[in-house]
Amino acid sequence: MRCSDVIVIGAGQAGLAMSYCLTRRGVSHVVLERGHIAERWRSERWDSLRLLTPNWMSRLPGWSYCGPDPDGYMTTPEVVGYLGSYALSFAAPVETNTTVHALRRVAGSYRVETSRGAWCAKAIVIATGQCDVPLVPAMARSLPASTHQVVPSAYRNPDLLPEGGVLVVGASASGVQLAEEIHRSGRPVSIAVGRHTRLPRTYRGRDIMEWMERIGVLDETAEQARDLAQARTRPSLQLVGRPDRRSIDLGVLRQMGIRLLGRAIGVDGTVLHLADDLMQTTAAAQRTLERLLARIDPVADAEGAPSEDWPQVLGINACTPKALDLQQERIGAVVWATGFRRDYTWLQIPGVLDPQGEIIHRGGIMPSPGLYVLGLRFLRRRRSNFLDGVGTDAEELAWHIHDFLTTAGRAAA
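Procedures and definitions
- Residues numbered from 1 in each chain as written.
- Predicted model: local features only at pLDDT ≥ 70, side-chain atom pairs only at ≥ 80, totals over all residues.
- Heavy atoms only, no water.
- Helix = DSSP H or I, 4+ residues; strand = E, 2+ residues; numbered from the N terminus.
- Rg over C-alpha atoms; globule rule 2.2 N^0.38 Å.
- Buried < 20%, exposed > 50% of the residue type's maximum accessible area, 1.4 Å probe, protein only.
- Contact = heavy atoms within 4.5 Å.
- Areas by Shrake-Rupley, 256 points an atom, 1.4 Å probe, with all protein chains shown as cover.
- Lys, Arg positive; Asp, Glu negative; His and termini not counted.
- Charge placed at Lys NZ, Arg CZ, Asp CG, Glu CD.
- Disulfide = S-S within 2.5 Å.
- Polar contact = N/O pair within 3.5 Å; in protein donor to acceptor, adjacent residues only side chain to side chain.
- Pairing = 2+ DSSP bridges.
- Axes fitted to C-alpha atoms, helices over the stretch in contact; angles between N-to-C directions.
- Expected span 1.5 Å × (residues − 1).
- Core = buried A, V, L, I, M, F, W, Y, C linked by side-chain atoms within 4.5 Å.

1. Some points on the overall build of the chain
Consideration 1: Within the chain one finds nine helices and 21 strands.
Consideration 2: Whereas a compact globule of 413 residues would reach a radius of gyration of roughly 22 Å, the chain reaches 22 Å, a difference of no more than 12%.
Consideration 3: Expressed along its principal axes, the backbone C-alpha trace of the chain runs to roughly 70 × 55 × 40 Å.
Consideration 4: For the chain, the residues scored as buried account for 53% of the 413 residues in total.
Consideration 5: Taking all contacts inside the chain whose residues are at least 6 apart in sequence as the whole, residues at least 24 apart take part in 70%.
Consideration 6: Surface accessibility of the chain: about 18,200 Å² in total, with carbon and sulfur atoms responsible for 51%.
Consideration 7: Averaging the coordinates of the 47 positive side-chain charges in the chain and doing the same for the 43 negative ones gives two points 4 Å apart.

Laid out in structure tokens, this is it:
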């Protein structure tokens, strides 16, 4: 059995940021990765995907974007290269092709069982990320086998879909991007809309993320959140990163000819049942957006930023269908852009998961001594799961780990 003071599970942005911070503090550690560095970016992203945040926000501890296009948005290969170069810059001790099968607490330390043997460690950092396993609703199992079903992590491009129309379920970042791309390929597209966070790509002359940073939204802490549990389950931002910096929202999709539907609530044969709640859902997103822009406007005014009429109210005031017969509508594929869940079946330590199977933590510190989590939404701040935000959390948790190991060493002596 091999041993290290700390084992980091996952070599994405969170795991690499933690590895850098531990390296700076002289803490012995290893990073276990089921595939290669940035594996999800390599194998679970569609061809045209770009980062939702501008390149200047691609900041990690000891590493930042230095390319020619700071206001652009990295492509998937560019993100893979960026993270790979980051790992090389400090010789990150990554063990690739090492899948974790079980994590147990044994005699005051931790035992990690992997596809390449067992490891032991005094402390563990779980850095497997927010976007782990696609969350596909149970109703999907009721659709007939003739209906092609795919999740965003398995989708690559429209050419790989069967002929016919396409239904996209979900209207957050992935849903609206895929609905637009598939429609532009010449297929009729419908989108079933659930909760979403509407944002313009740019507002008053600047990227919306720059305004959110300037007014302090992204650095709001978990303690400042009015309802932390709700904040952690909010849908992803309805944004797209592209060179022309165009906004994308339901209004844009409707103008393109994409049919907007209410929330999917059930399946009966080839019939998808829908809630007639599109007006309420879009109105709620509009109110949230207007509150945000009301915070931005005084800062923009003080800086002399150009005025802008955006946002326009979508004006959805008609009833939507309560059912959609996929067969009659000649819809051959359903894209389930319904978010993600975390799979911790390998985490076999009592008392660290809640009834929903999510990790229990306070700012990334879990109930079991020496056990940590990093990279989850609103872990310590609103930006915690962003490429740009995980580094600050990693710095703080690395100090906690250093102190934990020092105390444990003194106790052992």
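2. Some points on the state of the cysteines
Consideration 1: Scanning the model with the defined rule gives one disulfide in all.
Consideration 2: Sulfur-sulfur distance for the disulfide between Cys-3 and Cys-120 comes to 1.8 Å. For the disulfide bridge between Cys-3 and Cys-120, the dihedral angle about the S-S bond is near 110°, and by the sign convention the bridge is right-handed. Residue Cys-3 is found in strand β1 (residues 2–9), and its partner Cys-120 is found in strand β6 (residues 117–126); the two are separated by 117 residues along the sequence.
Consideration 3: Owing to a relative accessible area of 51%, Cys-3 belongs among the exposed residues under this scheme.
Consideration 4: On the accessibility criterion, Cys-120 (16% relative accessible area) is buried.
Consideration 5: Of all cysteine sulfurs, the one in Cys-66 lies closest to Cys-21, which takes part in no disulfide; the gap is 18 Å.
Consideration 6: What makes Cys-66 exposed here is its relative accessible area of 73%.

3. Here we look at the side chain of His-361
Consideration 1: For His-361, the location among the structural elements is in the loop between β20 (340–341) and β21 (371–373).
Consideration 2: For His-361, a relative accessible area of 16% translates into the label buried.
Consideration 3: There is a polar contact of 3.4 Å between the side chain of His-361 and the backbone nitrogen of Gly-363.
Consideration 4: Polar side-chain contacts of His-361 include one of 3.0 Å to the backbone nitrogen of Gly-364.

4. Overview of the sheet that holds strand β16 (residues 264–268)
Consideration 1: Spatially, β16-β17-β18 is the arrangement adopted by the three strands of the open sheet, whose pairing is antiparallel. Each edge of the open sheet carries a strand with a single partner, namely β16 and β18 (323–325). Taken over all neighbouring pairs, the strand axes of this sheet differ in orientation by 20° on average, direction set aside.
Consideration 2: Of the strand pairs in this sheet, β16 and strand β17 (residues 271–274) are connected by four bridges, and their pairing is antiparallel. Considered in β17, the bridge of Gly-266 is made with His-273.

5. Some remarks on the environment of Arg-380
Consideration 1: Topologically, Arg-380 is positioned in the loop between β21 and α9 (390–412).
Consideration 2: Aside from chain neighbours lying at most four places away, what touches Arg-380 is Glu-220, Thr-221, Ala-222, Gly-363, Ile-365, Asp-393, Glu-396 and Leu-397.

6. Focus on the sheet that holds strand β9 (residues 165–169)
Strand pairing in a sheet relies on backbone hydrogen bonds, with the paired strands running either antiparallel or parallel.
Consideration 1: Spatial strand order, β8-β19-β9-β10-β15: five strands in an open sheet with parallel pairing. Only two strands of the sheet have a single partner each, and these edge strands are β8 (148–150) and β15 (259–261). Strand after strand, the sheet turns through a mean of 20° between neighbouring axes, direction not considered.
Consideration 2: Across five bridges, β9 lies against strand β19 (residues 331–336) in parallel orientation. When the bridges of β19 are listed, Val-169 appears paired with Trp-336.
Consideration 3: Along the sheet face, helix α4 (residues 173–184) touches β9, β10 (189–192) and β19 and points at about 170° away from the line of β10.

7. Thoughts on the environment of Gly-62
Consideration 1: Among the structural elements, Gly-62 can be located in the loop between α2 (39–43) and α3 (76–89).
Consideration 2: C-alpha separation for the pair Gly-62 and Cys-21, spaced 41 residues apart in sequence, amounts to 8.9 Å.

8. Some remarks on α4
Along an α-helix, a turn takes 3.6 residues, which lines up residues three or four apart on a common side.
Consideration 1: Spanning twelve residues, α4 covers 17 Å between terminal C-alpha atoms, matching the ideal 16 Å at 1.5 Å per step.
Consideration 2: Most of α4 sits inside the fold, with nine of its twelve residues counted as buried.
Consideration 3: Of all the positions in α4, only Ala-173, Gly-175, Val-176, Gln-177, Leu-178, Ala-179, Glu-180, Glu-181 and Ile-182 are classed as buried.
Consideration 4: Summarising the contacts, the buried residues of α4 are in contact with β9, β10, β14 (237–238), α7 (250–256) and β19.
Consideration 5: Positive phi appears at Gly-186, one or two residues downstream of α4, with a value of about 105°.

9. Here we look at α3
Consideration 1: Taking 1.5 Å as the rise per residue, α3 with 14 residues should run 20 Å; its terminal C-alpha atoms sit 20 Å apart, in good agreement.
Consideration 2: Along α3, the residues classified as buried are Thr-76, Val-79, Val-80, Tyr-82, Leu-83, Gly-84, Tyr-86 and Ala-87.
Consideration 3: Each element contacted by the buried residues of α3 is listed here: α1 (13–24) and α2.
Consideration 4: Positive phi shows up at Ala-91, right after α3, with a value of about 55°.

10. A closer look at the nonpolar core
Consideration 1: Ranked by size, the top nonpolar core spans 88 residues in total, and within it Met-18, Ile-124, Ile-126, Ile-191 and Leu-347 carry the most contacts.
Consideration 2: In terms of residues, this core owes the most to one element, α1, which gives seven residues.
Consideration 3: Among residues more than four places away in sequence, those in contact with Ile-191 are Leu-167, Val-168, Gly-170, Ala-171, Gly-175, Val-176, Ala-179, Leu-253, Ile-258, Arg-259, Leu-260 and Leu-261.
Consideration 4: Residues Ile-208, Met-212, Ile-215 and Ala-300 belong to the second largest nonpolar core, which totals 19 residues.

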